[in-house]
Amino acid sequence: MPMTSINVAEWSVEQVADWLSGLGPTVARYVPALRERGLDGAKLLTLRCDDLEYLGVHVIGHQELLLEAVEHLRNFCVARLALRVSVLATGLARSLAAHCDARLETQTLADVASTVHAVKPLVCWLDRWSLCGSGLSERKAALLKLSLEAATCAQRDRFAEQPARAVAAAAAATAATADYIIQVVHYMRPVRGAARAGRRRRRRRHRRHRRLHHTGSTLHATGSRSSPRGPSPPPPPPPPPPPTTSYR
């Protein structure tokens, strides 16, 4: 089955290995070890720097290359799911805009079900993929509320006064929320790139400090480094000048 036809979280170990091999020879060198560790799609999407250390990827540049590729993969998944929700919700709202006072037809109920079904995987992604300060947690709650509202109004068609109008309003708000998520995913990339650069500098400082500490401990154990001493003694005085001899 082609990798583009299924959810990334459902990729097998071999499909992940094929994707990693396509990132170039720098990452392809780690594919046998990652395959042996059982890195599948679900683990790939939650990959972090500490995980790469455990998996044998110790070079910082290689870690950054792999993590950036995984982040682009996450962004693609979230944007694709949000785009699907936006398209379905926009179509539902437009179909009901012309006759908001009419009863809901069978096709409209099917469209409501499709929209609600598309919201579920997007909400699951937002649960596992958090952006601090981006407001996505509020948008996730809004998606759940709007989906429940649309489904409730559609099921209670005969009891609601204007079910089509209520469903159209919920669908329009759902589309706007999905569009906002797409914009956040797009515009947060430079910010996350700066955050990655900061994390890279901190890791380099930590590794440099760890190497210096290890070198100092080794020298102290072998006796190459002397214990701390006081101030150095003053230099010896210069030798006296040679005696002068007169010849007569």
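Residues numbered from 1 in each chain as written. Predicted model: local features only at pLDDT ≥ 70, side-chain atom pairs only at ≥ 80, totals over all residues. Heavy atoms only, no water.

(A) Structural context of the overall build of the protein. Tallying secondary structure elements over the protein gives 10 helices and 0 strands in all. Classification of the 248 residues of the protein by burial places 35% in the buried group. Total accessible area on the protein is roughly 16,000 Å²; 58% of this is exposed by carbon and sulfur atoms. (Helix = DSSP H or I, 4+ residues; strand = E, 2+ residues; numbered from the N terminus. Buried < 20%, exposed > 50% of the residue type's maximum accessible area, 1.4 Å probe, protein only. Areas by Shrake-Rupley, 256 points an atom, 1.4 Å probe, with all protein chains shown as cover.)

(B) Structural view of helix H8 (residues 136-155). With 20 residues, H8 should reach 28 Å at 1.5 Å per residue; the first-to-last C-alpha distance of 28 Å fits that figure. Three or more residues of H8 are buried, namely Leu136, Leu143, Leu146, Ser147, Ala150, Cys153 and Ala154. When H8 is viewed along its axis, its buried side chains cluster within an angular range of 140° and face the same direction. In this structure, H8 carries Glu138, Lys145, Leu148 and Gln155 as exposed residues pointing more than 90 degrees from its buried face. (Expected span 1.5 Å × (residues − 1). Arc of directions from axis to C-beta.)

(C) Local environment of the pattern of salt bridges. Applying the stated criterion across every chain, the model contains 1 salt bridge. Notably, a salt bridge pairs Arg35 with Glu14, separated by 3.3 Å at the nearest N-O pair. On the criterion of sequence distance, the pair formed by Arg35 in helix H3 (residues 31-36) and Glu14 in helix H1 (residues 13-21) is long-range, its members being 21 residues apart. Of the residues examined, Arg35 reaches a relative accessible area of 34% and is grouped as partly exposed. (Salt bridge = Lys/Arg side-chain N within 4 Å of Asp/Glu carboxyl O.)

(D) Here's a closer look at empty space enclosed by the protein. Going through the model one piece at a time under the given rule, you end up with 2 cavities of 30 Å³ or more. In this model, the largest cavity occupies a volume close to 40 Å³. Considering the residues around the largest cavity, the lining is formed by Leu92, Val112, Thr115, Val116, Ala150, Ala170, Ala171 and Thr174. Among the elements of the structure, helix H7 (106-128) and helix H9 (163-187) are those that each provide at least two residues to the lining of the largest cavity. In the lining of the largest cavity, the residues fall into 6 nonpolar, 2 polar and no charged. (1 Å grid on protein atoms, 1.4 Å probe; cavity = no way out; pocket = protein on both sides within 12 Å on 5 of 7 lines; lining within 4 Å. Points joined across faces, edges and corners; volume = space filled by probe spheres on them. Nonpolar A, V, L, I, M, F, W, Y, C, P; charged D, E, K, R; others polar.)

(E) Layout of the packing of aromatic side chains. Applying the stated criterion across every chain, the model contains 1 aromatic pair. Looking at Arg37, its charged tip hangs above the ring of Tyr54, at a distance of 4.6 Å from the centre. One Lys or Arg, Arg139, reaches over the ring of Tyr180 and ends 3.8 Å from the middle of that ring. (Phe/Tyr/Trp six-rings, centres within 6.5 Å; stacked < 30°, edge-to-face > 60°. Lys NZ or Arg CZ within 6 Å of the ring centre and 35° of its normal.)

(F) Fine view of the environment of Leu23. For Leu23, the location among the structural elements is in the loop between H1 and helix H2 (25-28). A residue is classified by how much of its surface remains accessible, and Leu23, at 29% relative accessible area, is partly exposed. Counting along the chain gives 43 residues from Leu23 to Leu66, while the straight-line C-alpha distance between them is 8.3 Å. Among residues more than four places away in sequence, those in contact with Leu23 are Leu66 and Ala69. (Contact = heavy atoms within 4.5 Å.)

(G) Spatial organisation of the packing of H8 against H9. Packing of H8 against H9 leaves a shortest axis separation of 9 Å and a crossing angle of 155°. Taken as axis vectors, H8 and H9 run roughly antiparallel relative to one another. The hand of the H8/H9 crossing is left-handed. Mapping the contact onto sequence places Leu136, Arg139, Leu143, Leu146, Glu149, Ala150, Cys153 and Ala154 in H8 and Pro163, Ala166, Val167, Ala170, Ala173, Thr174, Thr177, Tyr180, Ile181 and Val184 in H9. In terms of residue class, the contact of H8 with H9 is built from 14 nonpolar, 2 polar and 2 charged. (Axes fitted to C-alpha atoms, helices over the stretch in contact; angles between N-to-C directions. Parallel < 35°, antiparallel > 145°, perpendicular 65-115°, else oblique. Left-handed = near helix turned anticlockwise from the far one by under 90°.)

(H) Broad picture of H1. Turning to H1, its buried residues are Gln15, Val16, Ala17, Trp19 and Leu20. Elements that come into contact with the buried residues of H1 comprise H2, H3, helix H4 (41-45) and helix H6 (60-97).

(I) Summary view of the nonpolar core. Formed by 40 residues in total, the largest nonpolar core has its most connected members in Trp19, Leu20, Leu44, Leu47, Leu122 and Ile181. Those elements giving two or more residues to this core turn out to be H1, H3, H4, helix H5 (49-55), H6, H7, H8 and H9. In terms of nonpolar packing, the next biggest core, distinct from the first, is built from 13 residues, Ala93, Val112, Cys153 and Ala168 among them. (Core = buried A, V, L, I, M, F, W, Y, C linked by side-chain atoms within 4.5 Å.)

(J) Summary view of the confidence of the model for the protein. Confidence along the protein averages 77 in pLDDT terms, with 66% of residues attaining 70 or more. Predicted confidence in the protein is weakest over helix H10 (residues 189-222), with a mean pLDDT of 55, and strongest over H3, with 92. This model gives residues 190-195 a pLDDT under 50, and the stretch forms 5 contacts once residues within four places in sequence are excluded. (pLDDT = per-residue confidence, 0-100.)

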